[in-house]
There are 2 protein chains.
Amino acid sequence: MANLLRPATWGLFSWRGYCSRGTQGRLSAGFVEALKAIVGSPHVSTAAVVREQHGHDESMHMCQPPDAVVWPQNVEQVSQLAALCYGQGVPIIPFGTGSGLEGGVCAVQGGVCVNLIRMDRILELNPEDFSVVVEPGVTRKALNTHLRDCGLWFPVDPGADASLCGMAATGASGTNSVRYGTMRDNVLNLEVVLPGGRQLHTAGRGRRFWKSAAGYNLTGLFVGSEGTLGLITAATLRLHPVPEATVAATCAFPTIQAAVDSTVHILQAAVPVARIEFLDEVMMDACNRHSKLNCYVAPTLFLEFHGSEQALAEQVQRTEEVIRHNGDSHFSWAKEAEERSRLWAARHNAWYASLALRPGCKGYSTDVCVPISRLSEILVQTKEDLEAWRLTGSASLPRAPGAGRGGAGAAALSFGPPGTVVGHVGDGNFHCILLVDPEDPEELLRAQAFAEQLGRRALALHGTCTREHGIGLGKRQLLLEEVGVVGMETMRQLKATLDPRGLMNPGKVL
Amino acid sequence: MANLLRPATWGLFSWRGYCSRGTQGRLSAGFVEALKAIVGSPHVSTAAVVREQHGHDESMHMCQPPDAVVWPQNVEQVSQLAALCYGQGVPIIPFGTGSGLEGGVCAVQGGVCVNLIRMDRILELNPEDFSVVVEPGVTRKALNTHLRDCGLWFPVDPGADASLCGMAATGASGTNSVRYGTMRDNVLNLEVVLPGGRQLHTAGRGRRFWKSAAGYNLTGLFVGSEGTLGLITAATLRLHPVPEATVAATCAFPTIQAAVDSTVHILQAAVPVARIEFLDEVMMDACNRHSKLNCYVAPTLFLEFHGSEQALAEQVQRTEEVIRHNGDSHFSWAKEAEERSRLWAARHNAWYASLALRPGCKGYSTDVCVPISRLSEILVQTKEDLEAWRLTGSASLPRAPGAGRGGAGAAALSFGPPGTVVGHVGDGNFHCILLVDPEDPEELLRAQAFAEQLGRRALALHGTCTREHGIGLGKRQLLLEEVGVVGMETMRQLKATLDPRGLMNPGKVL
């Protein structure tokens, strides 16, 4: 993760498209004209401010701007752009909404950023087949707004209003995945522009069936490839019926162990829970403040159930029974839509609620996932590490104001909190949001060391260093440790096969 | 599909391991000794009868025996075998239970058949994490017997008692997939011996989490690769809680259209049906005879629901409401375990029930899948084709005896029936089981033409030529039409990268 601190490398390039110092970054004027000829002048920019906007995502990875940004309006233009760049040896970096958390859009070798957001049509909706085809500019929320009246929805929900093709590219997941799966389960087909410009339909053009046994699973290979194998220009997605009824709840626990044990027991009882999210007491305190909740400041589960009224009543009853077995807890049901929305808005704003705990800080999110039998072990250890760090925290940090509604963890906030914990515990996944002073290099290094240690701890417990954020720039060493030498070499071989010049989003994943 | 009729090619080989005419097929005595040195003499055979047993599966593809069969007992031996064969240029053909339907085990270029069935240990069971690790000799039924007392089961059920790693290799599916998914959804990790002998753990050694975003999805690439990229020597599978209660039903419909419409409406109503199987009237008649059922001879759905008693009551009620809307139908609920078992045993024996309709015939199964909105269209067309064929069927065929319980389709059986229809309609998938006289080359050609035409019809309706049987030998042309030139080339590139000498199960898929 050393690149967090490393200045952008502006080395010498032998690529024909580059000149040593041009008005357009390192691109020759002729090359920029060629870009304009493809997408039209208004859809190309080499302005510094625009390039900088496209040189980073929401993570702490330093801005590494591309040399130009282009906005194609259709797949033919994307093909031509890919052919041009590839022919000229210029790196290509796909860009969606920029809401990633692993530096996936940083132009570490410069090149052309292909911002796909102006391709924003919903190409084909087939309600009877539970499928839809979207261009890469369509976001999760835009799709669900469009679907509002047809009784269907797309459930994968990483929090941010990300583009759906970007979510496919990073293999995104989110709060509903315990019931509805991740992007890996909900992408039926992808249209991909390969590095040289050719168009691939991973399951065949126009196909929209659920799963096939026809040849190698190309769809699966491109989901989660983080723009390193090609540009996703359309995705066929699987839709789900809108549940007849929904009920949400919060449940505060005396300990993390009790919260996690309850999660495992709910899953073992085969309660078809739609969401089961863990928030530690620091996170709950932050949400109380930021989103005007009035919850206990304690390890808490946010739960949601989908089904018919009758099915919900039973799910709720079973869940209460399971949780009662794990000791004292405080249940609070949210049956009204407004109350539910408030709760989930608070959960979705957990990132911003965390940042608000320490004005001026930046967030640094971990993303480990372990088999659920190891979840309480790693969560308890991680909380101890956070506490140890908090107690020795830098004196230069502003202190958090006093806790809200008095509860178990309120006292823990009397010093600057270095981090909150929130997670999709039904999948064994959780995030530490470390609140780091961007001006303090020592703290930054400490955050990196913390994240790496946590990643290694997850690996030691048969887990993964990233469940949903991807590898990007920051986790390449951990990826090697996770998949081993042969796994890494196999991935490298696949990359070299599909992108022999190494120009598709270079420096990421491998 | 021309290979059905083509004699085995026993061409000349320049491979060092081969001699022009040895006592062991085309393998030199020294090579056979080297095989014995790895796995032990009792675990190598070059006997003609053994080689022939391993030269075919349950399909009509002609027997193409390997030159030797070996039975490794552990992964180290598999690695050594792969290294030996690859170094000597000898093809490697993995073999499980031989229950495939696309000729995936035929040794089209000779070589060594690696029968993995003696590696039959359940290596690791983690009930709390809903996961298990199995060697390739463990079959679906053996696993579920082993799991009997721990409240979990593995739901993917292709009918045959196939080996689980073989099911992973072909991307198998089956009756439960509408609720529990296919092998693609239920394999968490694979141990694979690559062509040169190196061992790959697709998700990293020992990892057993649900889904990750760590690098390229190697697990997804190897599931469904039909032994053409490596030998699967262990699989980590996702288990599910045994449902608290189960209820099954049959429902006879006046028309195919009514049966399919009911299926679509059940899915749209979000009833979490566990199984929804279609059987046409010819298939029902066959099941009545073969499995001593007493069902109506009419287009029929077999349904199964899983859940708590309370949830089941609601699912059943909703299903009845939906089906009543689609006209007259005959419901029959099977609430007792024994009655259910009889029903599903009959469904699982549909293949043999079909064969029994025409003594001496062989079965030829199609495997198309379409978006469910197109299902009734293709089913009705297919039934018309079958009927047209039946009416002009070869005079040499024995006639089926009269129908059982009188019903809609009974009259249709007065001539020799060329085929039955059965399918996992909740996924848009169905099979025609064509009952072909193996001594009649013309009929064989006609069956191939019928299957190809049906495959093309599915492709025209945005479907796939194979949902669960795989490509094997017979569907390579259809695969090209399905995924297109770029898709096919991409698959060829992946194959060439992972198996540069083209020795892993050659002639299959591509």
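Residues numbered from 1 in each chain as written. Chains lettered and ligands numbered in written order. Predicted model: local features only at pLDDT ≥ 70, side-chain atom pairs only at ≥ 80, totals over all residues. Heavy atoms only, no water.

A short note on the packing of aromatic side chains
Next up, step 1: Scanning all chains against the criterion turns up ten aromatic pairs over all chains.
Next up, step 2: Relative to Phe450 of chain A, the ring of Trp389 of chain A has its centre 5.8 Å away and its plane inclined at 35 degrees; by these criteria the two rings are tilted. You can see Trp389 of chain A sitting in helix α14 (residues 375-391) and its partner Phe450 of chain A sitting in helix α15 (residues 441-460), a full 61 residues away along the chain. The same class applies to Trp389 of chain A as to Phe450 of chain A, namely buried.
Next up, step 3: A ring pair is formed by Phe305 of chain B and Trp333 of chain B, whose centres lie 6.0 Å apart and whose planes are at 40 degrees; its orientation type is tilted. Linking Phe305 of chain B in strand β14 (residues 300-307) with Trp333 of chain B in strand β15 (residues 330-334), this pair joins segments that are 28 residues apart in sequence. In this structure, Phe305 of chain B and Trp333 of chain B share a single accessibility class: buried.
Next up, step 4: What links up through ring pairs into an aromatic cluster is the set Phe305, Phe331 and Trp333 of chain A.
Next up, step 5: The side chain of Arg275 of chain A reaches across the aromatic face of Trp344 of chain A, ending 4.2 Å from its centre. (Phe/Tyr/Trp six-rings, centres within 6.5 Å; stacked < 30°, edge-to-face > 60°. Helix = DSSP H or I, 4+ residues; strand = E, 2+ residues; numbered from the N terminus. Buried < 20%, exposed > 50% of the residue type's maximum accessible area, 1.4 Å probe, protein only. Lys NZ or Arg CZ within 6 Å of the ring centre and 35° of its normal.)

Thoughts on unusual backbone geometry
For residues that are not glycine, phi is negative in most cases, and the peptide bond is trans in most cases.
Next up, step 1: Look at His462 of chain A: it is not a glycine, yet its phi comes out positive at around 70 degrees.
Next up, step 2: Phi is positive for Asn505 of chain B, which is not a glycine, with a value near 40 degrees.
Next up, step 3: By secondary structure assignment, the location of Asn505 of chain B is in the segment after α16 (476-498).

Observations regarding the sheet that holds strand β6 (residues 131-134) of chain A
Residue and element names in this part refer to chain A.
Next up, step 1: If you walk across this open sheet you meet the five strands as β5-β6-β10-β8-β9, and the pairing is antiparallel. With one partner strand each, in any of the chains shown, β5 (122-126) and β9 (199-201) form the two edges of the open sheet. Between one strand and the next, the sheet's axes are offset by a mean angle of 10 degrees, whatever the strand orientation.
Next up, step 2: The sheet contact formed by β6 and strand β10 (residues 231-238) spans four bridges and is antiparallel. Bridge assignment links Val132 to a residue of β10, and that residue is Leu237.
Next up, step 3: The strands that helix α3 (residues 75-88) touches are β8 (187-193), β9 and β10; relative to β8, the one it contacts most, it runs at about 50 degrees. (Pairing = 2+ DSSP bridges. Axes fitted to C-alpha atoms, helices over the stretch in contact; angles between N-to-C directions. Contact = heavy atoms within 4.5 Å.)

A few points about the sheet that holds strand β3 (residues 92-95) of chain B
All names here are of chain B.
Next up, step 1: Read from one edge to the other, the open sheet built from four strands follows the order β1-β2-β4-β3, with strand pairing classed as mixed. At either end of the open sheet lies a strand with only one pairing partner, and these are β1 (44-45) and β3.
Next up, step 2: Taken together, the two bridges between β1 and strand β2 (residues 68-70) define a ladder with antiparallel strand orientation. Looking across to β2, one finds that Val44 is bridged to Val70.
Next up, step 3: Sheet strands in contact with helix α3 (residues 75-88) are β2, β3 and β4 (112-115), and its direction is about 150 degrees off that of β3.

Let's talk about the domain arrangement of chain A
Residue and element names in this part refer to chain A.
Next up, step 1: Domain annotation for chain A reports domain 1 (2-115), domain 2 (122-241) and domain 3 (245-460).
Next up, step 2: Put simply, the middle of domain 2 and the middle of domain 3, counted by C-alpha atoms, are 29 Å apart.
Next up, step 3: Listed per partner, the contact involves ten residues of domain 2 and 13 residues of domain 3.
Next up, step 4: When domain 2 packs against domain 3, the two sides together hide about 960 Å² of surface, and 51% of this comes from carbon and sulfur.
Next up, step 5: On the domain 2 side of the interface with domain 3, the three residues burying the most area are Thr175, Val178 and Arg179, jointly 59% of the side's total.
Next up, step 6: Taken together, the connections running from domain 2 to domain 3 amount to one salt bridge.
Next up, step 7: Its salt-bridge partner being Arg275, residue Asp157 comes within 3.0 Å of it at the nearest N-O pair.
Next up, step 8: Where domain 2 meets domain 3, there are eight residue pairs in polar contact (both at pLDDT 80 or more).
Next up, step 9: Along the lines of polarity and charge, the residues of the side of domain 2 that touches domain 3 split into three nonpolar, five polar and two charged. (Domains from an automatic or database assignment. Buried area = accessible area lost by both parts, 1.4 Å probe. Salt bridge = Lys/Arg side-chain N within 4 Å of Asp/Glu carboxyl O. Polar contact = N/O pair within 3.5 Å; in protein donor to acceptor, adjacent residues only side chain to side chain. Nonpolar A, V, L, I, M, F, W, Y, C, P; charged D, E, K, R; others polar.)

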